[in-house]
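Working through the structure, step by step
Here is what each chain is made of, one letter per residue.
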2 protein chains.
Amino acid sequence: MLHLDMDKAKISVSHGAGGRMMQELIKEIASIIENKKTRDGRGIDVLEDAGIANINGTKIAFTTDSYTVDPIFFPGGSIGKLAVCGTINDLAVMGAKPLALTLALVLEEGFPMAELKKIVMDINKEVKKANVAIISGDTKVMEKGKIDKIIINTAGIGIVRYDVSDYYARPGDKVMVSGSIGDHGMALLARRFKFETKLKSDCSSIASMALSLLKTGGIRVMKDPTRGGLAACLNEIAEKSKVDMVVYEDKVPIKEEVRSVGEVLGIDPMHTACEGRCVIIAKEEKAEEILNMAKRFDRNASIIGDVVKGSGKVFIETKIGSKRYLESPIGELYPRIC
Amino acid sequence: MLHLDMDKAKISVSHGAGGRMMQELIKEIASIIENKKTRDGRGIDVLEDAGIANINGTKIAFTTDSYTVDPIFFPGGSIGKLAVCGTINDLAVMGAKPLALTLALVLEEGFPMAELKKIVMDINKEVKKANVAIISGDTKVMEKGKIDKIIINTAGIGIVRYDVSDYYARPGDKVMVSGSIGDHGMALLARRFKFETKLKSDCSSIASMALSLLKTGGIRVMKDPTRGGLAACLNEIAEKSKVDMVVYEDKVPIKEEVRSVGEVLGIDPMHTACEGRCVIIAKEEKAEEILNMAKRFDRNASIIGDVVKGSGKVFIETKIGSKRYLESPIGELYPRIC
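A brief look at the structure comes next. Fair warning: this is a prediction, and the values are worked out from it, not measured in the lab.

A closer look at the pairing of strand β7 (residues 150–160) of chain B
All names here are of chain B.
- The buried fraction of β7 amounts to eleven of the eleven residues, a majority that puts the element mostly inside the structure.
- Note that strand β2 (residues 58–67) and β7 share eight bridges and pair antiparallel. The residue bridging Tyr 67 from the neighbouring strand is Ile 152, located in β7.
- Strand direction decides the pairing type here: strand β5 (residues 96–108) and β7, joined by eleven bridges, are antiparallel. Residue Ala 100 lies in a different strand from β7, and its bridge partner there is Ile 157.

See below:
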């Protein structure tokens, strides 16, 4: 416990960074809210990527995210693309087929219409690709200096087709990732620090891949490693499922350029956000089938570890057999990017 | 048409003020999005207070709003109360019973935890009162100076029970308001300008009132007059329904203090936001029954006008019989409050 004092403390950037401080804050907020779920549903009592409401026998996944990414245009995407993909991915990893989104823009006075148009065109492109619709929206404007350019919120609903949950990992399961790790965060950092690199964000919708893999019936957990990266994602699953995990360092797909930028900045790619990947916890007997299928979408898909008996810890094992904890980051390790 | 040039223009505060400039901007944005609704649903093609998705025979209303109100604590409420009531009201005026909300916070670094706690406690109170649940959330933090204190987005889903629409007003219908007009906006302005007044925001959930009135079967349109006030709300209904309206000036319930603050500031209460009221367009034969029922919730509920044949204009008729247009505000008439 980080002993958050709700009466005295102040918000720090670390409270939004996806690590342990953010988890603490979210738990504090959720503890104040008494109505945490609808009847027969799942809500902020379990803190997953989407809540689930049971409506006349149909399970509806419902999620939200506010996007504050900086820079708003980056190699491989924009805040518009990210806002659609991020929310679609939160639905997909909950086993839901995304159906409809809302779009709420908060704009800074003086923001160029031409940039707004580019962002909305990116939104349109991703919405069409994912075969969803934007059915409601909101637009607010704040005075110059009261907001940094633009914040986008997208909420989304989808129809739940598969029962997956952060709480379902079991000893014996395999740990997989659907592609290389840390591309998004490292690409944005590289752009921030003006490094010359060909690195691009992995920002993309993973819904059709996720739904294909879920069809195999072998997946217990799906989760997208966004803020806090792979490390935060695995730790959250391990804690919720009350299991340990062993990750084999040399099996984790990390691009050479991601590694290099990370080394220069002293940042672990495992703490760095992805925006078009998912972590999969699969039943052992189905793992190879799922891997082969995943490789058709991304050849970097890999089995990276095992779920073992335990109490919520994640270990990383090096090539030579040494083991250490893979800890969730505590707070913000570098300039905020999302 | 205000001739918005999407390639050259810049966003101004007026684009978020609820008037004609905001309508123009929203139409531009909506025109770029190709997937505007789901199958058999209603979406941003019709720009109502919520979209409607048809899921396995159940109609789900889905809406979003980002709240940027300043000040964040005001007489009669807070940004937390407003964020819950505003989204619940958007569902209710679409004839839906609110079911679940999402809550996305964007916080400024340094924001006091104690204030956040007060805001979340207000959220909890309203959520319980409205018998809905917050089932998913998101928390982001931006560096000091990159956002003004806090922005809250709430999205909401509800089950549609009654078929009402901005497009359903017909000549012969009666125009009603559920309570006094302009309290919210004028209370916030009074606080901004440090006027001594007992004025309080009308911020509250109107869902249970709305659902009671809708049961009569006599309501064609329900709409909450938020940004842009009663004037923008009536003009939008008139335009969408292709009818005119005549509003009798002396029938519009405006509190003495609202009128006074408005006179000092030179602001028309009819252009000022309400956050706990609705406009009702009712069939003539049901109007008295609905009015009597509405008076049980708020004794200021009133029939204020008639729907007549026309092409989308709203007239206001004074006591002595003179008539003028009641125009929607163009942009921002005073310091931004929401």
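Now that the structure is up, let's keep going.
A few points about the sheet that holds strand β14 (residues 323–325) of chain A
Residue and element names in this part refer to chain A.
- As summarised here, the arrangement of the seven strands in space is β9-β11-β8-β12-β10-β13-β14, forming an open sheet in which the pairing is mixed. Either end of the sheet is taken by a strand with one partner, and the two such strands are β9 (219–223) and β14. Adjacent strand axes in the sheet meet at a mean angle of 25°, parallel and antiparallel pairs treated alike.
- One ladder, built from three bridges, connects strand β13 (residues 314–317) with β14; its direction is antiparallel. By the bridge assignment for β14, Ile 316 is matched with Arg 324.
- Against the sheet, helix α6 (residues 229–241) contacts β8 (174–177), β9, β10 (243–248), β11 (279–282), β12 (302–309) and β13, and its axis sits at roughly 150° relative to β10.
- Lying over the sheet, helix α8 (residues 284–297) contacts β8, β9, β11 and β12, oriented at roughly 15° with respect to β8.

Points about the pattern of salt bridges
Residue and element names in this part refer to chain B.
- Within this structure, the stated rule accounts for 50 salt bridges over all chains.
- One salt bridge connects Glu 327 with Arg 20, and the closest N-O pair in it is separated by 3.9 Å. Of this pair, Glu 327 sits in the segment after β14 (323–325) while Arg 20 is found in helix α1 (residues 20–32), placing the two residues 307 residues apart along the sequence.
- A residue is classified by how much of its surface remains accessible, and Glu 327, at 48% relative accessible area, is partly exposed.

Brief notes about helix α7 (residues 256–265) of chain A
All names here are of chain A.
- The set of residues buried in α7 consists of Val 258, Val 261 and Gly 262. Projection of α7 onto a plane perpendicular to its axis shows the buried side chains occupying an angular sector of 100°, all on one side. Projecting away from the buried face of α7 at angles above 90 degrees are the exposed residues Glu 256, Glu 263 and Val 264.
- At its buried positions, α7 is contacted by α4 (183–192).
- After α7 finishes, the residue Gly 266 shows a positive phi value of roughly 70°.

Definitions and limits used
Residues numbered from 1 in each chain as written. Chains lettered and ligands numbered in written order. Predicted model: local features only at pLDDT ≥ 70, side-chain atom pairs only at ≥ 80, totals over all residues. Heavy atoms only, no water. Buried < 20%, exposed > 50% of the residue type's maximum accessible area, 1.4 Å probe, protein only. Helix = DSSP H or I, 4+ residues; strand = E, 2+ residues; numbered from the N terminus. Pairing = 2+ DSSP bridges. Axes fitted to C-alpha atoms, helices over the stretch in contact; angles between N-to-C directions. Contact = heavy atoms within 4.5 Å. Salt bridge = Lys/Arg side-chain N within 4 Å of Asp/Glu carboxyl O. Arc of directions from axis to C-beta.

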